[in-house]
Each structure stands twice: as C-alpha cells, then as structure tokens.
Amino acid sequence: MSVNVPVGIIAFATLVASTQAGLLAAPAISTHGISIGHTYAAPAIAAPAYAAPAYTTHAYAAPAILKTPVVKAAPSVDYVAYPKYQFNYGVQDGHTGDQKTQSEVRDGDVVKGQYSLVEADGTVRTVTYTADDHNGFNAVVTRSGHAAHPATPVAVASKVVAAPAYTTHAVAAPAYTTHAVATPAYTTHAVAAPVYTTHAVAAPTYTTHAVAAPAYAAPAIGIGDLVLNVIVAMGSHQLV
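The structure reproduced in this document is the subject of the present report. (Residues numbered from 1 in each chain as written. Predicted model: local features only at pLDDT ≥ 70, side-chain atom pairs only at ≥ 80, totals over all residues. Heavy atoms only, no water.)

**Some details on the sheet that holds strand β4 (residues 98–107)**
To keep things clear, this is the line we draw: A pair of strands is treated as paired once DSSP finds two or more bridges between them. Going along the chain from the N terminus, every DSSP run of H or I of four or more residues is numbered as a helix, and every run of E of two or more is numbered as a strand. To define axes, lines are fitted to C-alpha atoms, for helices over the stretch in contact only, and angles between the resulting N-to-C directions are given on a 0 to 180 degree scale.
Read across the sheet, five strands follow the order β3-β4-β5-β6-β7 without closing on themselves; strand pairing throughout is antiparallel. Only two strands of the sheet have a single partner each, and these edge strands are β3 (84–93) and β7 (136–144). The sheet shows a mean angle of 10° between the axes of neighbouring strands, direction not considered. Bridge analysis of strand β5 (residues 110–118) against strand β6 (residues 124–132) gives eight bridges, and the strand direction is antiparallel. Looking at β6, one finds that glycine 113 is bridged to tyrosine 129.

**A short note on the side chain of glutamate 104**
Stated formally: Accessibility here uses a 1.4 Å probe with only protein chains present; expressed as a share of the type maximum, an area under 20% marks a residue as buried, one over 50% as exposed, and anything in between as partly exposed. By the counting rule applied here, Lys and Arg register as positive and Asp and Glu as negative, while His and the ends of each chain are not counted. The salt bridge criterion pairs a side-chain nitrogen of Lys or Arg with a carboxyl oxygen of Asp or Glu, the two atoms within 4 Å. Polar contacts here mean pairs of N or O atoms no more than 3.5 Å apart (in protein, one a potential hydrogen donor and the other a potential acceptor; neighbouring residues in sequence count only if both atoms are side-chain atoms).
Among the secondary structure elements, glutamate 104 is positioned in strand β4. One buried charged residue, glutamate 104, remains without a salt bridge, the closest side chain of opposite sign being arginine 106 at 6.8 Å. Of the polar contacts made by the side chain of glutamate 104, one reaches the side chain of tyrosine 85; its length is 2.7 Å.

**Quick look at the side chain of threonine 123**
To keep it simple, the criterion reads: In what follows, a contact means two residues having at least one pair of non-hydrogen atoms within 4.5 Å.
Here threonine 123 shows up in the loop between β5 and β6. For threonine 123, a relative accessible area of 7% corresponds to the buried category. Here aspartate 121 takes part through its side chain, which lies 2.7 Å from a polar atom of the side chain of threonine 123. Not counting residues up to four positions away in its chain, the partners in contact with threonine 123 are Leu117, Val118, Arg143, Ser144, Gly145, His146 and Ala147.

**Examining the packing of aromatic side chains**
Worth spelling out the cut-off: We call Phe, Tyr and Trp rings a pair once their centres come within 6.5 Å, taking the six-membered ring for Trp, and we label the pair stacked below 30 degrees between planes, edge-to-face above 60, and tilted otherwise.
Under the criterion given, the structure shown has three aromatic pairs. Here a set of aromatic residues connected by ring pairs shows up, and it is made of Tyr115, Tyr129 and Phe137.

**Some thoughts on the pairing of β4**
Along any regular strand the residues' side chains alternate between the sheet's two faces. Bridge count between β3 and β4: ten bridges; the pairing is antiparallel. By the bridge assignment, valine 91 is partnered in β4 with lysine 100. In textbook terms, the turn of a hairpin is the stretch between consecutive antiparallel strands, and for β3 and β4 this stretch comprises four residues, one of which, glycine 97, has a positive phi near 80°. Relative to β5, β4 runs antiparallel, the two sharing eight bridges. Opposite valine 105, over in β5, you have lysine 112 as the bridge partner. Linkage of β4 to β5, two consecutive antiparallel strands, is achieved through a turn of two residues, within which glycine 108 is found at a positive phi near 70°.

Such coordinate-based values are descriptive only and should not be taken to indicate function.
Listed below in structure tokens is the structure:
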C-alpha cells in the first residue's frame, strides 16, 4: 500500500523542523497583507547578588595549667647501720634471794659480755662469752663459793582438810488432789420417720400426623429432546 504525499507538504514540514531546531530563522509569513510573524526578545536575567557572610570572632582565655605538687621523698633509713652499744644491769633481791648481773659490749661484729647468778646450793656461776664473724660464739663457765646443803630435810606439815558436811533435808511427798468427774448425761431425741409423697404422673399422649406421599410430575419432553432420544435409540439399535 502506497501513500502519495504532496511535495509541498514535505517541504513545509522540513522547513518547520529546521526552524524549531534553530537552523533557520522563523520567516514572517504574510497573508493578505497581514504579517503573522512574531519577534520575541530574549529575557534579561539579572545575576543575583550575594552578601559576604559575617563571621563572629570569640575570644578564648588561655587555659590554666595546674602545677603538680612536688612530693619530696622521705629520707632513706639505713637499716644496716654500724652496730655499736653497751649495757649492764644487776639484781639483788634479799626477799627471794635472787642475785644476778650481766654486762655486754658490741662493736661492729664483735660481741663481749659476762653474766653471773647464784645457784640453789649457794655457789655463784659466772659465764664469760665472746662472739665474732670469725670464731663464732665461745663461752667460759666458772663457779665460785662453797655449796651448802641442809643436814636434814625440812619437814613440811601436811594440812588436813576436813571432809565437807552435807545437810540432808527431808522433802515431803507432794499431795495430789483427786477430783470426781460426773459421767456426762446423754439425751436421746426421738426422730420421726420421714414421710414420702408419691405423685401420679399421667402417661404421655402421642399424636400421629398423616403425611401425604409426595406427587412427582412427569417431566415434559420437548420436540428436540424427542428427536434426540429417537436418534440415540436408532444408534443403539444399529449397534445391536
């Protein structure tokens, strides 16, 4: 199928498309002396003016720097200072008879001392000792005086302790009081036998309703159904 388009219409469409694409200026077409061409001036677009932003300057105070207090260390203690001392003491107790003395001198690692005491027999035992890091501990024991022993032992009287006296108190047997309790009296009440009432109940009456048998109407067969039945019957006959 072919369509004949006039050449004038094709040329006019080409001209309109070129004008819309900006390739050609829109011509002014005059019809009967009336100009229908329109001239459009380009719109003037003013550039927007933007004001420069105002910045606010804040003054910040310099941070205060806290000075850490200087803690002075405690003076060191020399726990291994040079050892050097001297002491002596004595006891003279006339009441108990305790008599003893002691004296000691230390200079560095060298120790010298002496102590004495009165023994039970009246003699005096004296111990002289020395100690150093080379010879260790050394002691010399001496006794002085004469031992005195009693001729006869001192008799110690035995203290006789009397047996404690116990006092026995007679305790009377407790007296129990017996109370006579009367036998409780029970009262018997005569209760009459219950009376039962019998009610006569009538036998229920049943009503029988006659229900008519449903009547079924024979279906009406149209001409089309009749013809169809005949055709089916003939086909069945032929098959037989």
